[in-house]
Amino acid sequence: MVDPLASFEVRNIIPIHIFGMDISITNSSLYMLLVVALICVVCSLGTRGKSLVPGKLQFCLEKLYLFITDTVNQQIRNKSAKMFPYIFSLFLFIMLGNIIGLIPGSFSFTSQFVITMGMAFVVWLSSIIVGFVVQGKHFFRHFCPEGMPSYIAPFFVLVEIMSFCFRPVSLGIRLFANMLSGHIMIEVMAGFAVSLAGIFMFDPASVIPVIANVFLNVFKLVVCVLQAYVFSVLSCIYMAESLEPATDKSKECEV
Amino acid sequence: MDVASVKLLAAGIAVLPLFGVGLGLGKLFASLIESISRNPSAKGDLTSTGILSFALLESIALLAFVVAMIILFAV
């Protein structure tokens, strides 16, 4: 049986050491650069013509753009235009990273704990910074909404602060664990097929795991897009909290 | 019991939260379908909220999965 965790190994491709820091190009960072290059090429190709009647690529990009615009506008009422480029690039990066990992033999960098946690902490820290810049000390209002009875306030504030601090962890682990579990599932299923075909000369039963793998791949494709969407929606919600004052009651009811 | 078998047992126990997650997912989608059939015009909003809560719920199952994987392979 092949070790299902073998494909998550980070290998060093071009060793680079500068000032005692290891900034070597690994297969993980190589795939990240590949995804960024892919995004740049596709976006610049799709928007080059800018015709009134869109072509195929331009149509896809417009749909994607409108989809993310709707999502951002739903969560962030005002100032959504400022947040849009960040959320859009985050969504494209995660989605393409997830999908590229589905190609057999490739490497999915979103199944690396470091990378998803890094992205989650960037979202979290920037939401804190934006919150303090926009709202000043009123940002603390989120931890203790108005009209709270005084006897329950200390407990509530403690719980709110704890949930606030666990946000990046849950954000990062969600993406990482989704990708990891999906890949392990596919690889275990492929391992069944290989071991069934290996024991006998050709066992017709080994077709079953292969067919199951096809459906698993389709399911994984859905999960890839869904997780990218969830990541960007959650970062939208966190950003919305830091962009808008806590006194807005209608906002609290929704989230 | 030796360490290897205790590891397997612990990994099995670590994915017990899947019970609650299964219950929660069933409840979530049951009420989602019910509310969409009651008010089909609200489908868009309901679906996005449903997907969001699905992801929040699923993260618990994935946490359990990660703990099981850590017990099996990392410890």
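Every chain begins its residue count from 1, and numbering advances along the sequence as written. Labels follow written order: the first chain is A, the first ligand is 1, and so on. Local features in this predicted model are restricted to residues of pLDDT 70 or higher, and side-chain atom pairs are both shown and tallied only at a pLDDT of 80 or more, whereas totals for entire chains, interfaces and linings draw on every residue.

## With respect to the overall build of chain B
Each helix is a run of H or I in the DSSP string that is no shorter than four residues. Each strand is a run of E no shorter than two, and both are numbered from the N terminus. The helix and strand tally for chain B stands at three helices and zero strands. Sequence-ordered secondary structure for chain B, helices as α and strands as β, is α-α-α. Using C-alpha atoms as the atom set, the radius of gyration is obtained and then compared with a globule rule of 2.2 Å times the number of residues to the power 0.38. Relative to the globule expectation of 11 Å for 75 residues, the C-alpha radius of gyration of chain B, 17 Å, shows a markedly less compact shape. Along the first, second and third principal axes, the C-alpha set of chain B runs to 60 × 20 × 10 Å. To assign burial, the other C-beta atoms lying within 10 Å of each residue's own C-beta are counted, with C-beta atoms placed from the backbone; 20 or more indicates buried, 12 or fewer indicates exposed, and intermediate counts indicate partly exposed. Looking at chain B as a whole, 8% of its 75 residues qualify as buried.

## Observations concerning the overall build of chain A
If you tally the helices and strands in chain A, you get eight helices and four strands. Its helices and strands taken in sequence order, chain A reads β-β-β-β-α-α-α-α-α-α-α-α from the N to the C terminus. Dimensions of chain A along its principal axes, counting C-alpha atoms only, are 75 × 55 × 45 Å. Per-residue burial for chain A yields a buried fraction of 27% across its 255 residues.

## Points about the confidence of the model for chain A
Residues and elements named next belong to chain A. Looking at chain A as a whole, the pLDDT averages 82, with 91% of positions reaching at least 70. Taken element by element, chain A is modelled with least confidence in helix H8 (residues 249-254), mean pLDDT 46, and with most confidence in helix H4 (residues 113-135), mean pLDDT 90. Confidence of the prediction at every residue is given by pLDDT, a number between 0 and 100. Any residue pair is listed as a contact if its two C-beta atoms, each placed from the backbone, are within 7 Å. Considering only residues more than four positions removed or in separate chains, one finds that residues 250-255, a stretch of pLDDT under 50, has two contacts.

## A few points about the interface of chain B and chain A
With nine residues of chain B at the interface, the matching set in chain A holds ten residues. Nonpolar residues are Ala, Val, Leu, Ile, Met, Phe, Trp, Tyr, Cys and Pro. Charged residues are Asp, Glu, Lys and Arg, and all others, Gly as well, are polar. Grouping the amino acids of the side of chain B that touches chain A by side-chain chemistry returns eight nonpolar, one polar and no charged.

## A look at helix H1 (residues 3-14) of chain B
The span expected for a helix works out to 1.5 Å for each residue beyond the first. Over its twelve residues, H1(B) extends 16 Å from the first C-alpha to the last, a length consistent with the 16 Å expected when each residue adds 1.5 Å. Counting buried residues along H1(B), only zero of its twelve residues qualify, which leaves the element largely exposed.

## Examining the packing of helix H3 (residues 80-100) of chain A against helix H7 (residues 207-243) of chain A
Residues and elements named next belong to chain A. Here H3 crosses H7 at 155°, and the two axes come no closer than 9 Å. Our classification of the angle between H3 and H7 gives roughly antiparallel. Where H3 crosses over H7, the handedness of that crossing is right-handed. The segment H3 lies against H7, with Met83, Ile87, Leu90, Phe91, Ile94, Met95, Asn98 and Ile99 engaging Leu221, Cys224, Val225, Gln227, Ala228, Phe231, Ser232, Ser235, Cys236 and Met239. Here the residues of the contact of H3 with H7 are counted per class, giving 14 nonpolar, four polar and no charged. Note on geometry: axes are C-alpha line fits, over the in-contact stretch for helices, and angles between N-to-C directions span 0 to 180 degrees. Put simply, angles under 35 degrees are roughly parallel, angles over 145 are roughly antiparallel, angles from 65 to 115 are roughly perpendicular, and the rest are oblique. Handedness of a crossing follows from how the near helix is turned relative to the far one, being left-handed for an anticlockwise turn of less than a right angle and right-handed for a clockwise one.

## Notes on the confidence of the model for chain B
Residue and element names in this part refer to chain B. Model confidence for chain B is summarised by a mean pLDDT of 87, while 100% of its residues fall at 70 or above. For chain B, helix H3 (residues 43-74) is the element with the lowest average pLDDT, namely 83, and helix H2 (residues 18-38) is the one with the highest, namely 93. Here the prediction assigns the complex a pTM of 0.82, and the interface score ipTM is 0.71.

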